[in-house]
Amino acid sequence: MAGVTTSSSGFTETDLGRTRRARRIGRALTDTHPDAHCELDHSNPLELAVATILSAQCTDKKVNEVTPKLFARYPRAADYAGADRAELEELIRPTGFYRNKTDSLIKLGQALVERYDGRIPGKLADLVTLPGIGRKTANVILGNAFDVPGITVDTHFQRLVQRWRLTAETDPVKIEHAIGALFPRRDWTMLSHRIIFHGRRVCHARKPACGACTLVKLCPSYGTGPTDPAAAAKLLKGPRARDLAVAAGVDPELVPVQAVVAEAP
Ligand code: SF4
């Protein structure tokens, strides 16, 4: 039948049914993660571009520890363009892969000075031509520094939309288009933050907290992780772990204190 998809696991759904379920998931995530936001500290597009480059293979928390000193020392694109390599390397070393990242930051600064008068451009087509900036980074910058709706397909986003069977695509650009088609454009940026929040705090790669998840009724992968509330509550992470348990109808006392202080990956 047209518009009906059956996945390899036997999960069958019409296109309309999938769109409706996707929108319900979106609404449930809005209620579950009212604090969702871009977790990289920044106050302008250049700072966000730099922080996003540093976040490759590194936690946002670690990046946020490094950037106050970095942003104070290099406030303009020209400062990165003319940076002393050894000094810049030393400042960003804690984020890992610091030699490659230093390369990207210096080249980014040079490209911005040469081609964009030292400013970060506000268009995807321009952003992706800049050193160190791929489509994912460009969408983060557009959505959070320019208010242009963008979908950020990172590892969490990819894992969750596949668990929800919202798309069978595996290529990030195809995933971006497939998920974009299910939601109003104006919701794209916040939807991305909420999905990534859910991936970091509830629906982990190895052991998702299924028994303490607000999406139980909407998720075809329920049961991938422990369904017992006591076991699942231990897997919740972050300062709102107890609120997340309450939202899922689970006794917040089951959430151990370590979960509340745990850093969301
Ligand atoms: S029910 Fe389990 S697999 Fe589905 S979203 Fe929740 S934690 Fe993830």
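Quick notes on the rules
Residues numbered from 1 in each chain as written. Predicted model: local features only at pLDDT ≥ 70, side-chain atom pairs only at ≥ 80, totals over all residues. Heavy atoms only, no water. UniProt positions renumbered as here; feature names shortened; annotations may be inferred. Helix = DSSP H or I, 4+ residues; strand = E, 2+ residues; numbered from the N terminus. Contact = heavy atoms within 4.5 Å. Buried < 20%, exposed > 50% of the residue type's maximum accessible area, 1.4 Å probe, protein only. Arc of directions from axis to C-beta. Near = heavy atom within 4 Å. Nonpolar A, V, L, I, M, F, W, Y, C, P; charged D, E, K, R; others polar. Salt bridge = Lys/Arg side-chain N within 4 Å of Asp/Glu carboxyl O.

- You'll find the chain entered in an unreviewed UniProt entry as Endonuclease III, with Micromonospora peucetia given as the organism.
- Per UniProt, the comment on the chain under Sequence similarities (unreviewed entry) is "Belongs to the Nth/MutY family."
- Of the comments in the UniProt record for the chain, the one headed Catalytic activity (unreviewed entry) reads "2'-deoxyribonucleotide-(2'-deoxyribose 5'-phosphate)-2'-deoxyribonucleotide-DNA = a 3'-end 2'-deoxyribonucleotide-(2,3-dehydro-2,3-deoxyribose 5'-phosphate)-DNA + a 5'-end 5'-phospho-2'-deoxyribonucleoside-DNA + H(+)".

**Describing the UniProt feature "binding site: [4Fe-4S] cluster" (unreviewed entry) in the chain**
For step 1, the next point in the chain: Per the UniProt record, "binding site: [4Fe-4S] cluster" (unreviewed entry) is annotated on Cys203, Cys210, Cys213 and Cys219. With the annotated positions falling across 17 residues, the maximum pairwise C-alpha distance of 11.0 Å places them together in a single cluster.
For step 2, the next point in the chain: Here Cys210 shows up in the loop between helix 11 (188-201) and helix 12 (229-233).
For step 3, the next point in the chain: If we ignore the near neighbours within four places in the chain, the residues touching Cys210 are Val216, Ser221, Tyr222, Gly223, Thr224, Gly225, Pro226, Thr227 and Ala232.
For step 4, the next point in the chain: By the secondary structure assignment, Cys219 is in the loop between helix 11 and helix 12.
For step 5, the next point in the chain: Apart from residues lying up to four places away in sequence, Cys219 is in contact with Arg163 and Trp164.

**Some thoughts on helix 5 (residues 85-92)**
For step 1, the next point in the chain: Listed in full, the buried residues belonging to helix 5 are Leu88, Glu89, Leu91 and Ile92. Mapping the buried residues of helix 5 onto a view down its axis gives an arc of 165°, with all of them on the same face.
For step 2, the next point in the chain: On its buried face, helix 5 sits against helix 2 (45-54), helix 3 (60-73), helix 4 (77-81) and helix 6 (98-116).

**Describing the site of the ligand**
For step 1, the next point in the chain: Near the ligand the following residues occur: Arg163, Trp164, Cys203, Pro208, Ala209, Cys210, Cys213, Cys219, Ser221 and Tyr222.
For step 2, the next point in the chain: In terms of residue class, the shell around the ligand is made up of 8 nonpolar, 1 polar and 1 charged.

**Focus: the pattern of salt bridges**
For step 1, the next point in the chain: Counting across every chain of the model gives 16 salt bridges.
For step 2, the next point in the chain: Glu13 is the salt-bridge partner of Arg21, the closest N and O atoms lying 2.7 Å from each other. Of the two residues, Arg21 and Glu13, both sit in the buried class.
For step 3, the next point in the chain: A salt bridge links Lys62 to Glu65; the shortest N-O distance between them is 3.3 Å. A residue pair is termed a helical-turn pair when its members lie 3 or 4 positions apart in one helix, as Lys62 and Glu65 do in helix 3 at 3 residues.
For step 4, the next point in the chain: Overlapping salt bridges, with partners in common, bring together Glu13, Asp15, Arg18 and Arg21 in one network.

**Things to note about the UniProt feature "domain: HhH-GPD" (unreviewed entry) in the chain**
For step 1, the next point in the chain: According to UniProt, the positions carrying the feature "domain: HhH-GPD" (unreviewed entry) are residues 54-201.
For step 2, the next point in the chain: What you have in residues 54-201 is 64% helix and 0% strand, and the ends, taken at the C-alpha atoms, are 22 Å apart.

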